[in-house]
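The residues making up each chain are set out below.
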Amino acid sequence: LAREKLQITLALSLHGATDAKRQKLMPIAKEYHLDAVMKACDHYFKSTGRRMTYEYSMVSGMNDTDQDAAELGRLLRGKNCHLNLIPVNPVKGRSFRQSDKKVVARFKNKLEKYGINVTIRREMGRDIDGACGQLRRRHMEEPPVAE
């Protein structure tokens, strides 16, 4: 992608600052280890000069602790990047719960102390099951429409 020189912002679903944490939250992380993924992101930035964006879905009790913030801060410190904190959406069949708003705000403040540009993503579509993760789950559960 870096060789293509496209004027796009590359976003990586991070969701954890260690391989163990990422693998619990997104099984695909077993195939793509954090060290290799971060090296690829660094290469993308060096090749294109385009700032990386990292997505971090916050799941209550799983990746929203002070330790998680410190690990994430150390991982991203010094990188030209932007981090989106995304309160996880409830998805039928998953036990993930959204982090408390105060926890999310504290997490953001801790990351900013590492010099990281952080935004708390505004929630949209949750009321109609159209938010991230919800549509995919619904699509997988519903039988195809007969023609």
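In this text the structure is predicted, and so the values were computed from the model without any measurement. (Residues numbered from 1 in each chain as written. Predicted model: local features only at pLDDT ≥ 70, side-chain atom pairs only at ≥ 80, totals over all residues. Heavy atoms only, no water.)

Asks: For this particular structure, what's the right way to read the overall build of the protein?
Replies: In terms of regular secondary structure, the protein is built from 5 helices and 4 strands. For the protein, the α and β elements follow one another from N to C terminus as β-α-α-β-α-β-α-β-α. Within the span of the protein, comprising 147 residues, buried residues form 36% of the whole. Across the protein, the fraction of contacts at a sequence separation of at least 24, relative to all contacts at a separation of at least 6, is 73%. Counting only carbon and sulfur atoms, one obtains 51% of the accessible surface of the protein, whose full area is about 9500 Å². (Helix = DSSP H or I, 4+ residues; strand = E, 2+ residues; numbered from the N terminus. Buried < 20%, exposed > 50% of the residue type's maximum accessible area, 1.4 Å probe, protein only. Contact = heavy atoms within 4.5 Å. Areas by Shrake-Rupley, 256 points an atom, 1.4 Å probe, with all protein chains shown as cover.)

Asks: What is the right way to look at the pairing of strand β2 (residues 52–58) in this model?
Replies: A regular strand places its side chains so that they alternate between the two faces of the sheet. When you tally the buried positions in β2, you get 7 out of 7 residues, the bulk of the element. Side chains of β2 alternate between two faces, with Met52, Tyr54, Tyr56 and Met58 and Thr53, Glu55 and Ser57 buried alike. The sheet contact formed by strand β1 (residues 11–13) and β2 spans 3 bridges and is parallel. Directly across from Ser13, in β2, lies its bridge partner Glu55. As for the winding sense of the linkage, the β-α-β connection from β2 through helix α3 (residues 66–76) to strand β3 (residues 81–87) is right-handed. (Pairing = 2+ DSSP bridges. Right-handed = clockwise from strand over helix to strand, strands pointing away.)

Asks: When you look at the sheet that holds β2 in this model, what are you seeing that I'm missing?
Replies: By way of backbone hydrogen bonds, the strands of a sheet pair with one another, either parallel or antiparallel. Pairing within the open sheet is parallel, and its 4 strands lie in the order β1-β2-β3-β4. Sheet topology places β1 and β4 (117–120) at the edges, where each strand pairs with a single neighbour. For this sheet the average axis-to-axis angle between neighbouring strands, irrespective of direction, equals 25°. Pairing analysis gives 7 bridges linking β2 to β3, with the strands arranged parallel. Paired with Glu55 across the strands is Asn84, a residue of β3. Strands β1 and β2 of the sheet are contacted by helix α2 (residues 34–48), whose axis makes an angle of about 145° with β2. (Axes fitted to C-alpha atoms, helices over the stretch in contact; angles between N-to-C directions.)

In short, geometric facts, not functional conclusions.
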